[in-house]
Amino acid sequence: MHSDWTDPAVYEHMRGYEADAFATEYLIRNADFVAECERLASGPLTTGEITGSRDFAARWGARFHDSGCRASLA
């Protein structure tokens, strides 16, 4: 069952979101972002490493440390 995206009540839970939480909510609804993030998350990571290229950051306005991309999809 899908929510009616035009109904303001559907977004009531987001009223208190900070900018980063709101941005994450937006990004995880974008199929292209999810696909690219899954590709990044499938690669090896070093502790403290920033995931994603400058192109990724320019496209999505986001970069992640360690497994942040994985966490945003959870």
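For the structure, check the block above.
Each chain carries its own residue numbering, running from 1 in the written order of its sequence. Where totals are concerned, whole chains, interfaces and linings use all residues; where local detail is concerned, this predicted model gives features only for residues with pLDDT of at least 70, and gives and counts side-chain atom pairs only at 80 or more. No hydrogens and no water enter the side-chain calculation; it runs on all heavy atoms of the structure.

Asks: Help me understand the packing of aromatic side chains in this model?
Replies: The geometry of an aromatic ring pair is captured by two quantities: the separation of the ring centres and the angle between the planes. Pairs were defined over the aromatic rings of Phe, Tyr and Trp, the Trp ring being its six-membered one, requiring ring centres within 6.5 Å. Orientation was assigned from the angle between planes: stacked under 30 degrees, edge-to-face over 60, tilted for the rest. In this structure the tally under the stated criterion is two aromatic pairs. Pairing F33 with F56 gives two aromatic rings, centres 6.0 Å apart and planes at 35 degrees, and the pair type is tilted. A residue pair is termed long-range when its members are at least 10 positions apart, and F33 in helix 2 (residues 31–41) and F56 in helix 3 (residues 54–60) qualify at 23 residues. Both residues of the pair, F33 and F56, belong to the buried class. In this structure an aromatic cluster arises from ring pairing among F33, F56 and W60. Each helix is a run of H or I in the DSSP string that is no shorter than four residues. Each strand is a run of E no shorter than two, and both are numbered from the N terminus. Each residue is assigned to one of three classes by its accessible area relative to the maximum for its type, calculated with a 1.4 Å probe on protein chains only: buried under 20%, partly exposed between the two thresholds, exposed over 50%.

Asks: Hey, could you run me through the nonpolar core in this one?
Replies: Proteins that are soluble and globular tend to have nonpolar side chains buried together. Residue types Ala, Val, Leu, Ile, Met, Phe, Trp, Tyr and Cys, when buried and joined through side-chain atoms within 4.5 Å, form a set referred to as a nonpolar core. Ranked by size, the top nonpolar core spans seven residues in total: L27, F33, C37, F56, W60, A62 and F64. Secondary-structure elements contributing two or more residues to this core are helix 2 and helix 3.

Asks: Whenever I open this one, the environment of C37 confuses me. Can you help?
Replies: Examined against the element boundaries, C37 turns out to sit in helix 2. On the accessibility criterion, C37 (0% relative accessible area) is buried. Note: C-alpha distance between C37 and F64 (27 residues apart in sequence) is 10.0 Å.

Asks: Quick question: what am I supposed to make of helix 2 here?
Replies: Along an α-helix, residues three or four apart share an orientation, since each turn contains 3.6 residues. All of the buried residues in helix 2 are F33, V34, E36, C37 and A41. The term polar contact refers here to a pair of N or O atoms within 3.5 Å; inside protein, the definition further demands a hydrogen-donor-capable atom paired with an acceptor-capable atom, and it admits residues adjacent in sequence only when both atoms are side-chain atoms. Capping the start of helix 2, N30 holds a side-chain oxygen 2.9 Å from the backbone nitrogen of D32, two or three residues further along.

Asks: Would you take a moment to explain the side chain of E25 for this structure?
Replies: Looking at the element boundaries, E25 is found in helix 1 (residues 19–27). Polar side-chain contacts of E25 include one of 2.5 Å to the side chain of R29. Here a residue-residue contact requires only that any non-hydrogen atoms of the pair lie within 4.5 Å. Those residues in contact with E25 that sit more than four places away from it in its chain are M14 and Y17.

Asks: Any chance you could explain the pattern of salt bridges here in plain terms?
Replies: Pairing is possible between side chains that carry opposite charge, provided their charged atoms lie close to one another. Throughout this description, the term salt bridge denotes a Lys or Arg side-chain nitrogen within 4 Å of a carboxyl oxygen of Asp or Glu. Inspection of every chain in the model, using the stated rule, returns three salt bridges. For the salt bridge of E12 with R15, the shortest nitrogen-to-oxygen distance reads 2.9 Å. The salt bridge partner of R29 is E25, with a shortest N-O separation of 2.5 Å. The exposure class assigned to R29 is exposed, which follows from its relative accessible area of 53%. Owing to a relative accessible area of 16%, E25 belongs among the buried residues under this scheme.

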